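Understanding the architecture of this molecule
The chain contents come next:
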Amino acid sequence: MNNFTETGLTFREDDSFTTNDIYMTIVFVNVIISAVIGLAGVVLNLINITVFIKMGFGEFTNVSLLSLAVADFSALLFLSGIVILYNPLMLQVADIGMIDTICYLAVATPHVCFLEISGCCNCLLVLERLLCIALPHRIKSLVTPRRALLVNISIYIYIISIKILVHIGYSVSNTVFQSEGNTTIVLDPQAIGKTMDSISNVLDTFTQLTTFPLMVGLTGATIRVFQKSSEWRRTVTSPTQSNAMSKKERKLAKMVLIISSVYIACIFPSFLTALIILVFDNLSMTSREVFFVTFTFLFNIDAINSTLPFFIYLNMSSKFKLSFKSLFTSSLEGIASKSAFLPYRKE
């Protein structure tokens with residue numbers, strides 16, 4: 001029986017599951033789907049980052065949206081590393097144990113790190129929207145671009161610090177000697193590594209299991225406050241103003257619902273899996289292949305969540321659309337101007 005100690009999972013060797021169909025499923029899900037989603041997401045989030053920088057940081061929302069785009073871009077970038085490591089060619093030329101170690105430390109851990117940062121940034125965005133609706137006259141004094149930047153930086157520092165504990169445990173030397181008089185105490189590096197990993201897992205599990213319920217609660221509160229605010233405005237404004245305002249409010253409500261609903265729908269499988277692993281200790285899986293099929297499926301759903309914001313911004317934000325068109329137009333003009341200086345060659 002093989003033990004996967006990093007996740008607390010136990011694999012059972014079962015030849016009935018090590019068929020070519022299972023292997024091809026892993027290859028298809030991991031290489032084909034992940035590669036397509038990851039590449040598209042990296043490009044689209046790079047566009048998001050460029051557009052938000054072009055829009056400037058006069059509004060605190062742009063700061064949080066840029067932070068979210070950076071987290072999504074980084075998560076998808078590390079996802080491509082998983083695709084490279086677990087492909088048929090690499091599995092044939094490299095030791096599987098070495099691939100697992102490299103993947104866990106250098107690829108999967110950073111990937112999950114930025115996914116969690118993305119979740120926290122999503123919660124912050126919904127909280128900012130909730131404050132905008134509930135306290136419209138005080139929002140500019142409560143939330144400033146500088147404060148939004150500090151909060152986003154704090155999120156990055158907190159999540160990255162949790163993941164660094166894993167690397168600290170694995171970077172400990174083979175043996176650590178500590179002298180006390182004539183007694184020499186030898187500390188087991190594996191014990192140190194497991195301790196660091198356990199601390200990281202506790203903080204990591206707490207973050208994962210609180211982000212999803214927090215997002216659901218903030219989304220529900222935002223919808224509720226928005227409905228009350230809309231009803232109140234209809235009673236104190238003229239019919240013409242009410243209709244105009246209602247159209248704008250419906251667009252805002254639709255954008256909030258889409259962003260939060262996409263996140264909740266995409267994160268729910270990962271949240272449920274983490275909850276099952278937490279409740280059922282020493283969870284047993286039938287084989288290593290089934291394990292990777294499960295988590296590759298979850299990674300792909302997370303990748304979809306990190307890729308879709310570009311289309312939401314493009315369809316729901318007029319400022320984003322104008323900035324994107326301006327950026328795209330200027331890029332085409334730059335290419336055209338460069339090509340105009342190329343020497344003309346007769347056939």
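All values derive from a computational prediction rather than experimental measurement. (Residues numbered from 1 in each chain as written. Predicted model: local features only at pLDDT ≥ 70, side-chain atom pairs only at ≥ 80, totals over all residues. Heavy atoms only, no water.)

Looking only at helices and strands, the protein has 11 helices and 5 strands in total. Within the protein, the fraction of its 347 residues that count as buried is 39%. Partitioning the intrachain contacts of the protein with sequence separation of at least 6 by distance along the chain shows that 79% fall at a separation of at least 24. Of the roughly 19,800 Å² of accessible surface on the protein, a fraction of 67% belongs to carbon and sulfur atoms. (Helix = DSSP H or I, 4+ residues; strand = E, 2+ residues; numbered from the N terminus. Buried < 20%, exposed > 50% of the residue type's maximum accessible area, 1.4 Å probe, protein only. Contact = heavy atoms within 4.5 Å. Areas by Shrake-Rupley, 256 points an atom, 1.4 Å probe, with all protein chains shown as cover.)

In this section: the UniProt feature "transmembrane region" (unreviewed entry) in the protein. UniProt annotation of "transmembrane region" (unreviewed entry) refers to residues 22-53, 65-86, 106-127, 148-170, 206-226, 255-280 and 292-314 when read in the numbering used here. Spanning residues 148-170, this segment combines 100% helix with 0% strand, and its end C-alpha atoms are found 34 Å apart. End C-alpha atoms of residues 206-226 are separated by 30 Å, and the span's content is 100% helix alongside 0% strand. (UniProt positions renumbered as here; feature names shortened; annotations may be inferred.)

The tally for this structure, following the rule as stated, stands at 10 aromatic pairs. Ring geometry for F78 versus F114: centroids 6.0 Å apart, planes at 10°, classification stacked. Remark: F114 occurs in helix α4 (residues 96-134) and F78 occurs in helix α2 (residues 60-85); sequence separation between them is 36 residues. Through a chain of ring-to-ring contacts, three or more aromatic side chains come together here, namely F52, F310, F311, Y313, F320, F324 and F328. (Phe/Tyr/Trp six-rings, centres within 6.5 Å; stacked < 30°, edge-to-face > 60°.)

Turning our attention to helix α10 (residues 309-316). Three- or four-residue spacings in an α-helix give side chains the same orientation, since the helix completes a turn every 3.6 residues. Within α10, the full set of buried residues consists of P309, F310, I312, Y313 and M316. Relative to the axis of α10, the buried residues are bounded by an arc of 165° and lie together on one face. (Arc of directions from axis to C-beta.)

A few words on the packing of α2 against helix α6 (residues 145-170). Where α2 contacts α6, the axes come no closer than 8 Å and their chain directions differ by 20°. With respect to each other, α2 and α6 are oriented roughly parallel. Crossing handedness for the pair α2 and α6: right-handed. Within the contact between the two elements, α2 uses F60, V63, S64, S67, V70 and A71 and α6 uses P145, A148, L149, N152 and Y156. Classifying every residue of the contact of α2 with α6 by side-chain character gives 8 nonpolar, 3 polar and no charged. (Axes fitted to C-alpha atoms, helices over the stretch in contact; angles between N-to-C directions. Parallel < 35°, antiparallel > 145°, perpendicular 65-115°, else oblique. Left-handed = near helix turned anticlockwise from the far one by under 90°. Nonpolar A, V, L, I, M, F, W, Y, C, P; charged D, E, K, R; others polar.)

On to the confidence of the model for the protein. Per-residue pLDDT for the protein has a mean of 76; in total, 67% of the residues score no lower than 70. Below pLDDT 50 for its whole length, residues 1-18 participates in 42 contacts with residues either more than four positions away or in separate chains. Across residues 173-186, confidence stays below pLDDT 50; counting only partners more than four residues off in sequence or on other chains, it has 17 contacts. (pLDDT = per-residue confidence, 0-100.)

Once that is clear, we can look at the pattern of salt bridges. Side-chain pairing between opposite charges can occur once the charged atoms of the two side chains come close. Tallied over the entire structure, the rule returns 3 salt bridges. With a shortest N-O distance of 3.0 Å, D204 and K163 are connected by a salt bridge. You can see D204 sitting in helix α7 (residues 189-236) and its partner K163 sitting in helix α6, a full 41 residues away along the chain. Three or more residues joined by partner-sharing salt bridges are found here, namely E116, K163 and D204. (Salt bridge = Lys/Arg side-chain N within 4 Å of Asp/Glu carboxyl O.)

Bringing the nonpolar core into the picture now. Grouped together as the largest cluster of nonpolar side chains are 30 residues, with contacts concentrated most on F52, I117, I155, Y156, I159, Y313 and F320. Of all the secondary-structure elements, those providing two or more residues to this core are α1 (20-55), α2, α4, α6, α8 (239-279) and α10. A total of 8 residues in this core trace back to one element, the largest contributor, which is α4. Apart from residues lying up to four places away in sequence, I155 is in contact with I117, C120, C121 and L124. (Core = buried A, V, L, I, M, F, W, Y, C linked by side-chain atoms within 4.5 Å.)

Our next topic: α6. Helix length check: α6 (26 residues) gives 38 Å between terminal C-alpha atoms against 38 Å at 1.5 Å per residue, within 8%. Looking at α6, one finds that the buried residues are A148, N152, I155, Y156, I159, I162, K163, L165, V166 and G169. (Expected span 1.5 Å × (residues − 1).)

As a further point, take the state of the cysteines. Here a disulfide denotes a covalent bond joining the sulfur atom of one cysteine to the sulfur atom of another. Under the defined criterion, the tally for this structure stands at 0 disulfides. Looking at the unpaired C120, the closest cysteine sulfur is the one in C123, lying at 6.3 Å. (Disulfide = S-S within 2.5 Å.)

Okay, the environment of N45 next. Turning to its location among the elements, N45 is positioned in helix α1. Beyond its immediate sequence surroundings of up to four residues, N45 is in contact with A69, D72, F73, L76, S306 and T307. Within the structure, N45 has its side chain in polar contact with the backbone oxygen of S306 (distance 2.9 Å). (Polar contact = N/O pair within 3.5 Å; in protein donor to acceptor, adjacent residues only side chain to side chain.)

Among the surface-exposed residues, F268, L272, L275, I276, L278, V279 and F280 lie close enough to one another that they form a single nonpolar patch of about 620 Å² accessible area. On the secondary structure map, I276 appears in helix α8. Here I276 falls in the partly exposed class, since its relative accessible area comes to 33%. (Patch = residues over 30% accessible without salt bridge, like charges linked within 9 Å, V, L, I, M, F, W, Y side chains within 5 Å.)

This part is about the environment of K251. Along the polypeptide, K251 turns up in helix α8. Considering only alpha carbons, one finds K251 and S317, 66 residues apart in sequence, at a separation of 9.4 Å.

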